Amino acid sequence: MTDIGPSNEDIAQILEELALYVELEGENPFKSRAFKNAAQTIRGIDVSLSQMIRQDKDLKQFTGIGKNIENKIKEIIQTGSLNKLQKLRRKYPEGILDIIKIPGIGPKQAIELCRKYGLKTQEDIYKFAKTGQLRLLRGFGEKKEQKVISFLDKLLSQKKSFKLPEVEPFVKQFINYLKEVKRIGDPFVVGSFRRKKDIIRNIDMLFKGSLEEVVPILKDYALQKNGGVIIRSQDKVEIEIKKKPNITIRLIEPSQFGIKTIFFTGSKKFNKELWEFSKEKLNIGNLWDDSIVLNLTEQEIFQKLDIEFISPELREGRGEIERGVKKCLPKLVEESDILGDLHIHTNYTDGRNTIQEYAQSAILKGYEYICITDHSKRLRMVNGLDEKAIRRQIEEIESINQDIQGIEILKGIEVDILEDGSLDLPNSILKDLDIVIASVHSKFQLPKRSQTKRIIRAMKNPYVNIIGHPTGRLIGRREPYAIDMDEVINCALETGCILELNSQPDRLDLNDYYLKLAKDAGVKICINSDAHDIHGLGLIKYGIYQARRGWLEKEDIINTLSKEEILKIISNKRV
DNA sequence: GCCGTTTTCGGCCCGACTGTTTTCAGTCG
């Protein structure tokens, strides 16, 4: 029997939901955090927990999973859910977890809004706020009401959306189900998922097959997931599963598979440009429906158009067709080009593994080097390091380096950029580190002018090598802070500062658009995992996706270079 | 909840910010 049980991501989501309810219950806050930590750990594990349980393997080997959570995971895998969670869901109004997601409203106020005022969904809150009633409540006022309104204005107007890593396991499992269990021929994912966009609203898939053949299989699958199937037309079926993106399945004539693959991979803008191009090039009316492309594969169609094959990640209408015609598309970076990770948090601060453990994992990943970059002292909440602690860490790294084979551990820091652009640590300590990442972790609301000045001042410090997550966005939760990216890019070029592509799934910062801007200007990028445990090193793959969308080649990225070459670049800036 | 352990229970994430409750609770990073 093929694995159709809960994926690790599913389990992580259930534990996260539990964490929220535990918070609502007002239980020991550390309990809630334990569930969140476990969820985070599980996201990073690349073996299926369902499989591990079947093989009777011990889950307690993972940090953050003890006896209790292990039992909960077993229950999730065996029953698809958690009794405790079901009870809690019944205890509170359905929308309460969405209410907590509104910035400025926490568990205490969410409960009060529900219990006292009967506001049970985000829509309820929105209406209440719009009529000026929210500001009258205890703990609210005009400003807070406005904040709530502007957040919900944006959120309620858009369709449900998902981060790529959230849907990846779901899609994989679905394909596996079709191939292994049902032996459906060649399910093929297209659309934004194939283009590896950071946000996915819908999964598009192509099948060769007939409605009669496919629908019962899809219904069977949807049933197992408590979802439904909608037949939209003779060649289009949609699967709806709660808390997952819809899957749109299109049934394609085998002779048209190639051209439909291009069409449904998109993007719209790319399609329009390709369509225009084909009209002239091949002297045809409609590329999507012309006999000239029948029975051709996607590759063959590009050949026919005399265009170099354009990777799906590039198909956004940003000049890729023109470059394809000239046969000079970028040779996009691959994960195997990456030789090391330069942004890692250990248990000195908010990371969950030791330097030693990271080193071992990095060796297994085939890295030549890693750089340890814990937080600086201002971030007290995570035990940010002061000079003394850094000295201690430097000593430990040097001692490990003496004993360890096959990898070099570099000494670094992720130092906070303070409000005025000065740094949270003096140069006297920064100069003793191999790599300094400087990041903004506070005062996100500064006006554009001041925020830009702040970052530029940091970049001009000779010891700052990399600007961490340069726009500070948290996908779906926090907008990027206001900065003049042109100015930042220019300054990076002038100072030799490197911009980070942070691979955390909710950051992916810089985004694809800015990456291309930076690349075109000649600014170097560093793709980092920002790992908080050893499994987090694997997140680099999402950074790679984004890098490819941003046209990046191996040459644009510093951590494709050897350690010696990187250190040379850094010492150049310090002169 | 988990972890580490001097194996049985105490420590774990604490301080700044916000808006308004005027002396602080709730929220956030």
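Just above sits the structure.
Residues numbered from 1 in each chain as written. Chains lettered and ligands numbered in written order. Predicted model: local features only at pLDDT ≥ 70, side-chain atom pairs only at ≥ 80, totals over all residues. Heavy atoms only, no water.

Not every one of the 34 residues close to DNA strand B is listed here, only the nearest: R33, G104, G106, G139 and G141. Backbone sugar and phosphate groups make up 58% of those atoms of DNA strand B lying within 4 Å of the protein. Contact distances for DNA strand B include 3.0 Å between a base oxygen and a side-chain N or O atom of N28. At 3.4 Å, a backbone N or O of F140 approaches a phosphate oxygen of DNA strand B. Of all the elements, helix α2 (residues 29-44) adds the most residues to the surface near DNA strand B, at five residues. (Near = heavy atom within 4 Å. Polar contact = N/O pair within 3.5 Å; in protein donor to acceptor, adjacent residues only side chain to side chain. Helix = DSSP H or I, 4+ residues; strand = E, 2+ residues; numbered from the N terminus.)

Our next topic: the sheet that holds strand β7 (residues 246-251). Ordered by their spatial adjacency, five strands build an open sheet running β2-β4-β7-β6-β5, and the pairing between neighbours is mixed. Unpaired on one side and paired on the other, β2 (188-190) and β5 (228-233) mark the two borders of the sheet. Here the strands of the sheet are splayed against their neighbours by 25° on average, with no regard to which way each runs. As paired elements, β2 and strand β4 (residues 202-207) share three bridges and run antiparallel to each other. Across the sheet, residue V189 finds its bridge partner in β4, namely M205. Taken strand by strand, helix α10 (residues 164-181) contacts β2, β4, β6 (236-240) and β7, and its axis lies near 20° from that of β4. (Pairing = 2+ DSSP bridges. Axes fitted to C-alpha atoms, helices over the stretch in contact; angles between N-to-C directions. Contact = heavy atoms within 4.5 Å.)

This part takes up the pattern of salt bridges. All chains considered together, the criterion is met by 45 salt bridges. Its salt-bridge partner being E322, residue K326 comes within 3.4 Å of it at the nearest N-O pair. Across this residue pair, the class does not change: K326 and E322 are exposed. Put simply, E335 and K365 hold a salt bridge, and the shortest N to O gap is 3.6 Å. Residue E335 is found in the loop between α16 (320-325) and β8 (340-344), and its partner K365 is found in the loop between α17 (355-364) and β9 (369-375); the two are separated by 30 residues along the sequence. Overall, the relative accessible area of 33% leaves K365 in the partly exposed class. Among the ionic contacts, a cluster of salt bridges with common partners joins R195, E316, R318, D512 and R549. (Salt bridge = Lys/Arg side-chain N within 4 Å of Asp/Glu carboxyl O. Buried < 20%, exposed > 50% of the residue type's maximum accessible area, 1.4 Å probe, protein only.)

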